[in-house]
Amino acid sequence: MRHLSRRTLLATGAALPLFAIGTGKANAAEFSYKYANNSPVTHPLTIRTTEAMARIKEKTGGRVDIGVFPNSQLGSDTDMLSQLRSGAIEFFTLSGLILSTLVPVASINGIGFAFKDYGQVWPAMDGALGAHVRAEIAKRGLYAFAKQYDNGYRQITSAAKPIKTPEDLNGFKIRVPPSPLWTAMFKAFGASPTSINFSETYSALQTRIVDGQENPLAIIEAAKLYEVQKYLAVTNHMWDGFWFLANKKAWDALPENLRGIVETEINASAVVQRDDIFKLNTSLRGALSAKGLEFVDVDPQAFRAALKKAGFYAEWKEKFGAEAWGVLEGAVGALS
Ligand code: X2X
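The structure presented is a predicted model; accordingly, all values stated were derived computationally and were not measured. (Residues numbered from 1 in each chain as written. Predicted model: local features only at pLDDT ≥ 70, side-chain atom pairs only at ≥ 80, totals over all residues. Heavy atoms only, no water.)

A. Summary view of the site of the ligand. Residues in close proximity to the ligand include Asn38, Ser95, Asn151, Arg154, Arg175, Pro177, Trp182, Phe198, Asn215, Ile219, Asp240 and Phe242, which together make up its full environment. For the ligand, an oxygen atom lies 2.8 Å from a polar atom in the side chain of asparagine 38. In this structure, arginine 154 approaches the ligand through a side-chain N or O atom, which is 2.9 Å from an oxygen atom. In a pocket analysis with a 2 Å cut-off to the grid points, the ligand is assigned to the largest cavity. Tallied by class, the residues present in the shell around the ligand amount to five nonpolar, four polar and three charged. (Near = heavy atom within 4 Å. Polar contact = N/O pair within 3.5 Å; in protein donor to acceptor, adjacent residues only side chain to side chain. 1 Å grid on protein atoms, 1.4 Å probe; cavity = no way out; pocket = protein on both sides within 12 Å on 5 of 7 lines; lining within 4 Å. Sits in = over half its atoms within 2 Å of the grid points. Nonpolar A, V, L, I, M, F, W, Y, C, P; charged D, E, K, R; others polar.)

See below:
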């Protein structure tokens, strides 16, 4: 254990965990932080961030020890966002769409059918669009790391009947994550969306509170949603990622050299995790079919046309404003 002198303690600031002082806790790190997420332990988000935390501990000589709390163990996304803001947890990964309840522009990547493919996603999120969103996040007392982790392209699953055309969404009772954009988009399709945190999604499907939900294949597999769903429509209706967020006060409490190590390792794991998700996109179709999920190939353009006809793009262009919309269109081309 690295013993801390009172002088070191004073120099490193107030966020130092108090239990490190003279309690004889032999293994207490100088910075003992928590990272939480909503994802199952087998999902690449949890696997790769856990690897990053091990490297961080090693490379900081044990000074920074970040515990991983996956699978909504510490509460729903809504709860964890509050905990992050209050400092009860120091790190959290969250979809930009859910973060938009705090930082409205953070949902901009979720505009239906905005990104043609990953060739557009990463240059935008690692480039001007991501920078625009990160600057807004910073204004709300949170720090967003440069590299987003991937969630993936989202697909619609259902239990009672397959979704083949946009018309099949009429009156469809679907779970969506808590986010105004998600609700608006499925209303524009004529569906009947209900906001439910991911932590409650499996049981909401099992008890038929809703007929369906939408998520990328990696989540559907890791959270075993195929056990309570029968059909999967390959809509690719939205690309969604996870911002790796830090409580600003806790982040600033780390000395610069330690921040550098954390930053490097978290961003490095993001790049590897993106590749995991990309590969799972292809390999999971077979695996999920084998588990009984029936894949239905649809015409995404028909779904996009339905959104356009409902005035979805015009409405959200107005909401995000000309500047942000311009940054999005700069990355993906004209959207309306
Ligand atoms: O809540 C969801 O559906 C999930 C797991 O995809 C997100 O974190 C947005």
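B. A look at the side chain of glutamine 229. When you line up the elements, glutamine 229 lands in the loop between α9 (217-222) and β10 (231-234). A polar contact of 3.2 Å, which involves the side chain of glutamine 229, links it to the backbone nitrogen of serine 158. Residues within four places of glutamine 229 in sequence aside, it is in contact with Thr157, Ser158, Ala159, Leu205, Asp211, Gly212, Gln213 and Leu293. (Helix = DSSP H or I, 4+ residues; strand = E, 2+ residues; numbered from the N terminus. Contact = heavy atoms within 4.5 Å.)

C. Region of interest: the domain arrangement of the protein chain. Examined at the domain level, the protein chain breaks down into domain 1 (6-104 + 115-150 + 241-282) and domain 2 (155-238 + 287-332). Contacts between the two partners involve 24 residues from domain 1, matched on the other side by 22 residues from domain 2. Approximately 1,700 Å² of surface area, both sides summed, lies buried where domain 1 meets domain 2, with 71% of it carried by carbon and sulfur atoms. Looking only at domain 1, the three residues that lose the most surface to domain 2 are Leu97, Leu129 and His132, adding up to 28% of its buried area. Joining domain 1 to domain 2, the criterion identifies four residue pairs in polar contact (both at pLDDT 80 or more). Secondary structure elements with two or more residues in the side of domain 1 that touches domain 2: α3 (77-86), α4 (96-99), α5 (118-125), α6 (128-138) and α11 (256-290). Grouping the amino acids of the side of domain 1 that touches domain 2 by side-chain chemistry returns 10 nonpolar, 13 polar and one charged. (Domains from an automatic or database assignment. Buried area = accessible area lost by both parts, 1.4 Å probe.)

D. Inspection of helix α13 (residues 312-320) at higher detail. All of the buried residues along α13 are Phe312, Tyr313, Trp316 and Phe320. Along the long axis of α13, the arc covered by the buried residues comes to 90°, so they all point the same way. Projecting away from the buried face of α13 at angles above 90 degrees are the exposed residues Ala314 and Glu318. Buried residues belonging to α13 abut α7 (180-188), α12 (300-309) and α14 (322-332). Where α13 ends, the next residue or the one after it, glycine 321, has phi of about 90°, a positive value. (Buried < 20%, exposed > 50% of the residue type's maximum accessible area, 1.4 Å probe, protein only. Arc of directions from axis to C-beta.)

E. Structural context of the packing of α5 against α6. At a closest axis distance of 4 Å, the pairing of α5 and α6 adopts a crossing angle of 45°. Considered as vectors, α5 and α6 are oriented oblique to each other. Only Ala128, Leu129 and Gly130 of α6 make contact with α5, whose side of the interface consists of Pro123, Ala124 and Met125. Here the residues of the contact of α5 with α6 sort into five nonpolar, one polar and no charged. (Axes fitted to C-alpha atoms, helices over the stretch in contact; angles between N-to-C directions. Parallel < 35°, antiparallel > 145°, perpendicular 65-115°, else oblique.)

F. Molecular detail of the sheet that holds strand β8 (residues 192-195). Pairing in this open sheet of six strands is mixed, and the strands run β8-β7-β9-β6-β10-β12 from one edge to the other. Each end of this open sheet is capped by a strand with a single partner; those strands are β8 and β12 (294-297). Taking each pair of neighbouring strands and ignoring which way they run, the sheet shows an average axis angle of 30°. Examined bridge by bridge, strand β7 (residues 173-176) and β8 share four bridges and lie parallel to one another. (Pairing = 2+ DSSP bridges.)

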